[in-house]
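Working through the structure, step by step
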Amino acid sequence: MQKTREPINFAARVSEKRPVAVRLLHSTRQHPDTMTAPTRPDPTRCPLCGQPNLCAMEMARATGTQPGPCWCTDLRFDPTVLDRIPAAARRLACVCQACASRAPAAD
């Protein structure tokens with residue numbers, strides 16, 4: 001009587017020999033269908049409050065006209081206001097005039 005061999009699972013053997021960190025990395029990867037692309041902030045909205053920022057550059061881009069002077073050129077920004085902008089929105093969306101002129105929050 002001839003013995004039947006069980007099929008060898010090479011994938012399991014290879015993954016068992018990988019370092020634990022590599023196995024963990026491979027097991028926690030998301031499937032491409034479940035991953036979401038990072039969203040860019042809306043350049044016409046304030047990244048702090050979500051209200052329209054009335055940026056002259058963005059209004060000119062939307063209308064196709066030459067930009068006039070923006071309200072922000074006459075205002076001194078408190079550095080704490082700029083520090084509150086989320087990293088993902090820095091240099092991508094302007095702060096609105098209300099947030100820019102708001103007094104810094106007391107810690």
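Scroll up to find the structure this text is about.
In this text, all values refer to a predicted model and were calculated from it rather than measured experimentally. (Residues numbered from 1 in each chain as written. Predicted model: local features only at pLDDT ≥ 70, side-chain atom pairs only at ≥ 80, totals over all residues. Heavy atoms only, no water.)

Turning our attention to the overall build of the chain. Looking only at helices and strands, the chain has five helices and zero strands in total. Counting from the amino terminus, the chain carries its helices and strands in the arrangement α-α-α-α-α. Counting every position in the chain, which comprises 107 residues, the buried fraction comes to 15%. Taking all contacts inside the chain whose residues are at least 6 apart in sequence as the whole, residues at least 24 apart take part in 55%. For the chain, the exposed area adds up to about 9300 Å²; of that, 56% sits on carbon and sulfur atoms. (Helix = DSSP H or I, 4+ residues; strand = E, 2+ residues; numbered from the N terminus. Buried < 20%, exposed > 50% of the residue type's maximum accessible area, 1.4 Å probe, protein only. Contact = heavy atoms within 4.5 Å. Areas by Shrake-Rupley, 256 points an atom, 1.4 Å probe, with all protein chains shown as cover.)

Take the environment of Q66 next. Tracing the backbone through its elements, the reader meets Q66 in the loop between α3 (56–63) and α4 (79–83). With a relative accessible area of 73%, Q66 lands in the exposed category.

Right, let's talk about the nonpolar core for a bit. Residues C46, A56, C70, W71, V81, I85, A89, V95, C96, C99 and A100 constitute the largest nonpolar core, which totals 11 residues. Apart from residues lying up to four places away in sequence, A100 is in contact with W71, L75, F77, V81 and V95. (Core = buried A, V, L, I, M, F, W, Y, C linked by side-chain atoms within 4.5 Å.)

The next subject is the packing of aromatic side chains. All told, the structure shown has one aromatic pair when counted by the stated rule. Here the aromatic rings of W71 and F77 are separated by 6.2 Å at their centres, their planes lie at 40°, and the arrangement is tilted. (Phe/Tyr/Trp six-rings, centres within 6.5 Å; stacked < 30°, edge-to-face > 60°.)

On inspection of all chains with the given rule, the structure shows zero disulfides. Here C49 is not disulfide-linked; the sulfur of C96 is the nearest cysteine sulfur, at 3.6 Å. (Disulfide = S-S within 2.5 Å.)

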